[in-house]
Amino acid sequence: MTLDSLDDDQLRQVRDHARKALEKAGAKGCFPTPVDQVIAAAKHLVNAHEEIDEGFLAKARKKVGGALKRALSKVMGVLDVTARTMHLDKLVPIHKLPFLKLHELGHGVLPWQREMFKLTEDCELTIAPEVSELFERESNAFASEVLFQLDSFTDEAASDDVLGLKTPLRLSKRYGASVYSSIRRYVSTNARSCAVIVLEPPVACSGDGFVAKLRRVVVSNQFHFTFGDIRLAEEFTPDDEIGRIVPVGGRRMSRPRPLVLTDRNGSKHECVAEAFAHKYNVFILVCPKATLTKKIVLIAS
C-alpha cells in the first residue's frame, strides 16, 4: 500500500512536482503552508466564492467542447486549464478550501494531466480518498504532498514518542490543514501500526442512544500487514464496543480504552482506542499496545 493507492513510481512523480511547486513558491518550512502563495507561484488564479450552478457549467463546458472531465455530484471546484484559473463554489466550507485549491492545482501542474483536458470539475466524490480514478488520486496525492510539505509533517509527528490524536490535532493548526486530512495523513504515513475509524456525526435516537454510521477506515502499512482489511459494522451505537468509545455529553475527546482485534492469522491483540469528535466526524484511533511507548491509564469498557 502507498499513499492514496498510487504505486511507488506514480507517487515519486507526483512528489517531484509537489517539491517543485513548494520550492518555486519559497514555501518549504513556512507555516501554515502558504497555499495561495504556492498557487500564485505556479501562475494560477483563484476565483473563490462563486456560484457554480448549471448555467455556469453550461457556459464553461461549451467553451471547451468535449475536452472536459465531469464531476460525479454537486460541483465544488472547476479548473480552466488553458486560462490557469480555478473557480470555487461559494458553499465550499472554509476548512476544505486549502486541500481543494491544491487538488485543482494538481490538475493544472501535473503535465500528463494538463495535456488531457481543458476543463476539470471536482466534487466531494472526486476528492475523496477512495476515488477509483487514477487522475483524481494523483491530484489528491499532489494536494497532500504540498499541504503537508512532503515528509515534514510525518517527521514532526514521528518525533512524538506516543501515538495519539493530540499530535495530528496540534499539527493540523501548524500546517493549516483540516482535522480530517491531518489525522488521515498521520495514520497513512505512520511507520508504526495504527488505524483510524472515521464515523459520521452521531444521530440521537431514543433515550441516551445514538447511531453513528461508518464513513471509512484508514490504516498504516504496518497495521495492514498485521491485520489485513478489518471488517466493521456499517453503524455503531453505545451498546457496542466501538460505539462506547464515541465521546458523548458535549465532550470532544474520550480517554484511552482497551479494544481487542484479531489479526489475519486469527491471533488476538490487545489494542488501545481513543476518540475525538467535531461537528463533521468522529475519529477513533486504534493502536496495538505493543506500539505504545508511554504508560497510559485505560478506562474499563
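For the structure itself, look to the data block above.
A short tour of the structure in this document, coming up. As the structure is a computational prediction, the values presented were derived from the model and not from experiment.

**Notes on the packing of aromatic side chains**
Two measures describe an aromatic ring pair: the distance that separates the ring centres and the angle between the ring planes. Enumeration over the complete set of coordinates arrives at seven aromatic pairs. Between the aromatic rings of Phe-117 and Phe-135, the centroid separation amounts to 5.2 Å while the plane-to-plane angle is 85°, which identifies the pairing as edge-to-face. Taken together, the positions of Phe-117 in the loop between helix 5 (111–114) and strand 5 (119–123) and Phe-135 in helix 6 (residues 134–147) put the pair 18 residues apart, joining distant regions of the chain. The class of Phe-117 is buried, set by a relative accessible area of 18%. Among the residues examined, Phe-135 registers a relative accessible area of 6% and is labelled buried. Summarising the aromatic geometry, the rings of Tyr-180 and Phe-283 are spaced 6.2 Å apart at their centres and angled 35° between planes, so their arrangement reads as tilted. Highlighted residues: Tyr-180 in helix 9 (residues 179–188) and Phe-283 in strand 12 (residues 282–288), separated in sequence by 103 residues. As far as burial versus exposure is concerned, Tyr-180 and Phe-283 are alike and both buried. Directly above the aromatic system of Tyr-180 lies the positively charged group of Arg-215, at a separation of 5.0 Å from the ring centroid.

**Side note on helix 9**
Think of an α-helix as turning once every 3.6 residues; residues three or four places apart then point the same way. Taking burial as the measure, the ten residues of helix 9 include ten buried ones, the bulk of the element. Val-179, Tyr-180, Ser-181, Ser-182, Ile-183, Arg-184, Arg-185, Tyr-186, Val-187 and Ser-188 are the residues of helix 9 that are buried.

**Thoughts on the sheet that holds strand 4 (residues 85–89)**
Strand order in the open sheet formed by five strands is 1-4-3-5-2, with mixed pairing between adjacent strands. The strands lining the two open edges of the sheet, one partner per strand, are strand 1 (45–50) and strand 2 (68–69). Pairing geometry for strand 3 (residues 75–80) and strand 5, over five bridges, is antiparallel. Bridging from a neighbouring strand, Leu-79 pairs with Thr-120 of strand 5. Its contacts with the sheet place helix 3 (residues 54–64) against strand 1, strand 2, strand 3, strand 4 and strand 5, and it is angled at close to 150° to strand 5.

**Digging into the pattern of salt bridges**
It is possible for side chains of opposite charge to pair when their charged atoms get near one another. Under the counting rule described, the total for this entry stands at 19 salt bridges. A salt bridge links Lys-90 to Glu-51; the nearest nitrogen and oxygen atoms lie 3.9 Å apart. Residue Lys-90 is located in the loop between strand 4 and helix 4 (97–109), and its partner Glu-51 is located in the loop between strand 1 and helix 3; the two are separated by 39 residues in the primary sequence. For Lys-90, a relative accessible area of 44% puts it in the partly exposed group. With a relative accessible area of 49%, Glu-51 lands in the partly exposed category. Linking Arg-170 and Asp-160 is a salt bridge whose minimum nitrogen-to-oxygen distance equals 3.0 Å. Placement of the pair is Arg-170 in helix 8 (residues 166–175) and Asp-160 in the loop between helix 7 (152–158) and helix 8, with a sequence separation of ten residues. Residue Asp-160 is classed as partly exposed on the basis of its relative accessible area of 24%. Through salt bridges that share partners, Arg-15, Glu-145, Asp-151 and Arg-185 make up one connected network.

**Things to note about the packing of helix 4 against helix 6**
Axis separation between helix 4 and helix 6 bottoms out at 8 Å; the angle between their running directions is 120°. The pairing of helix 4 with helix 6 is recorded here as oblique in orientation. Read as a crossing pair, helix 4 and helix 6 show a hand that is right-handed. Counting all contacts with helix 4, which are made through Pro-98, Phe-99, Leu-102, His-103, Leu-105, Gly-106, His-107 and Val-109, the residues of helix 6 involved are Phe-135, Glu-136, Ser-139, Asn-140, Phe-142, Ala-143, Ser-144, Val-146 and Leu-147.

**Thoughts on the pairing of strand 5**
Counted residue by residue, strand 5 has five buried out of five residues, so it is predominantly covered. Pairing analysis gives two bridges linking strand 2 to strand 5, with the strands arranged parallel. Its bridge partner being in strand 5, Leu-68 is matched across the sheet by Leu-119.

About the cut-offs
Residues numbered from 1 in each chain as written. Predicted model: local features only at pLDDT ≥ 70, side-chain atom pairs only at ≥ 80, totals over all residues. Heavy atoms only, no water. Phe/Tyr/Trp six-rings, centres within 6.5 Å; stacked < 30°, edge-to-face > 60°. Helix = DSSP H or I, 4+ residues; strand = E, 2+ residues; numbered from the N terminus. Buried < 20%, exposed > 50% of the residue type's maximum accessible area, 1.4 Å probe, protein only. Lys NZ or Arg CZ within 6 Å of the ring centre and 35° of its normal. Pairing = 2+ DSSP bridges. Contact = heavy atoms within 4.5 Å. Axes fitted to C-alpha atoms, helices over the stretch in contact; angles between N-to-C directions. Salt bridge = Lys/Arg side-chain N within 4 Å of Asp/Glu carboxyl O. Parallel < 35°, antiparallel > 145°, perpendicular 65-115°, else oblique. Left-handed = near helix turned anticlockwise from the far one by under 90°.

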